[in-house]
Amino acid sequence: MPAPVPAPTPADIQRLALLIEAEAIQLREFIGVLEKETALLIAADIDALMTLTKDKTDRYRQLQRLHDDRAMLLGRMGRSHSDASIRELCKNLPRVLGRWEEVLTLARDARERNQLTGKLIHERMQHNQTALSVLLAAADQPQLYDAAGNARPTGGGRMLGSA
């Protein structure tokens with residue numbers, strides 16, 4: 001027979017509430033970074049994108065730590081890391097449940113924005129690849145002008161009418 005699930009302590013529930021609150025705050029800030037990233041991709045501001053990448057990575061790591069802390073706390077309480085477990089533990093805390101709903105909504109929004117960013121990056125890479133292919137193909141063509149700017153003939157080695 002499985003061991004009974006221990007009753008959570010008030011301190012455990014308070015810690016869970018604080019983690020959910022912190023995660024909601026971090027997700028809102030992360031979405032702000034994703035919005036900036038999208039705008040910079042559209043504007044093709046590569047320098048600003050490079051700077052933003054560090055901030056995005058740092059914020060993602062903070063979110064991951066909060067997620068991991070929540071999972072460990074739930075595990076210590078003998079609960080699975082699931083929506084149902086959180087709802088059960090916070091059933092008498094409407095404010096915390098509201099914040100949990102916000103976390104779920106913000107996480108979906110962040111995922112959708114990140115997918116959009118991925119599509120924009122993919123499109124930009126395709127555009128750059130096409131431009132590179134055109135430039136490489138042009139590099140294989142004979143030069144139409146010499147260094148002095150004079151037109152050069154573009155034909156082969158024989159003149160028309162010669163044997």
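A short tour of the structure in this document, coming up. Because the structure is a prediction, the values reported are computed rather than measured. (Residues numbered from 1 in each chain as written. Predicted model: local features only at pLDDT ≥ 70, side-chain atom pairs only at ≥ 80, totals over all residues. Heavy atoms only, no water.)

A tally of helices and strands in the protein chain yields four helices and zero strands. Scored against the burial criterion, the 163 residues of the protein chain give a buried share of 24%. Of the contacts formed within the protein chain by residues at least 6 apart in sequence, a portion of 66% connects residues at least 24 apart. Total accessible area on the protein chain stands at roughly 11,500 Å², and carbon and sulfur atoms take up 59% of it. (Helix = DSSP H or I, 4+ residues; strand = E, 2+ residues; numbered from the N terminus. Buried < 20%, exposed > 50% of the residue type's maximum accessible area, 1.4 Å probe, protein only. Contact = heavy atoms within 4.5 Å. Areas by Shrake-Rupley, 256 points an atom, 1.4 Å probe, with all protein chains shown as cover.)

Assignment of secondary structure puts glutamine 26 in helix H1 (residues 10-43). With residues near it in sequence (within four places) discarded, glutamine 26 still touches Arg59, Gln62, Leu63 and Leu66.

A separate point is the layout of surface pockets. Approximately 350 Å³ is the volume found for the largest pocket. Lining the largest pocket are 15 residues, with Glu23, Leu27, Tyr60, Leu63 and Ala107 positioned closest to its centre. Taken together, the elements giving at least two residues each to the lining of the largest pocket come down to H1, helix H2 (46-76) and helix H4 (94-139). At six residues, the largest contribution of residues to the lining of the largest pocket is made by H4. For the lining of the largest pocket, a count of residues per class yields eight nonpolar, four polar and three charged. (1 Å grid on protein atoms, 1.4 Å probe; cavity = no way out; pocket = protein on both sides within 12 Å on 5 of 7 lines; lining within 4 Å. Points joined across faces, edges and corners; volume = space filled by probe spheres on them. Nonpolar A, V, L, I, M, F, W, Y, C, P; charged D, E, K, R; others polar.)

Moving on, we get to the environment of glutamate 102. Tracing the backbone shows glutamate 102 in helix H4. The exposure class assigned to glutamate 102 is partly exposed, which follows from its relative accessible area of 21%. When the C-alpha positions of glutamate 102 and arginine 28 are compared, they lie 9.7 Å apart, and in sequence the two are 74 residues distant. Once residues lying within four places of it in the same chain are set aside, the contact partners of glutamate 102 are Ala24 and Arg28.

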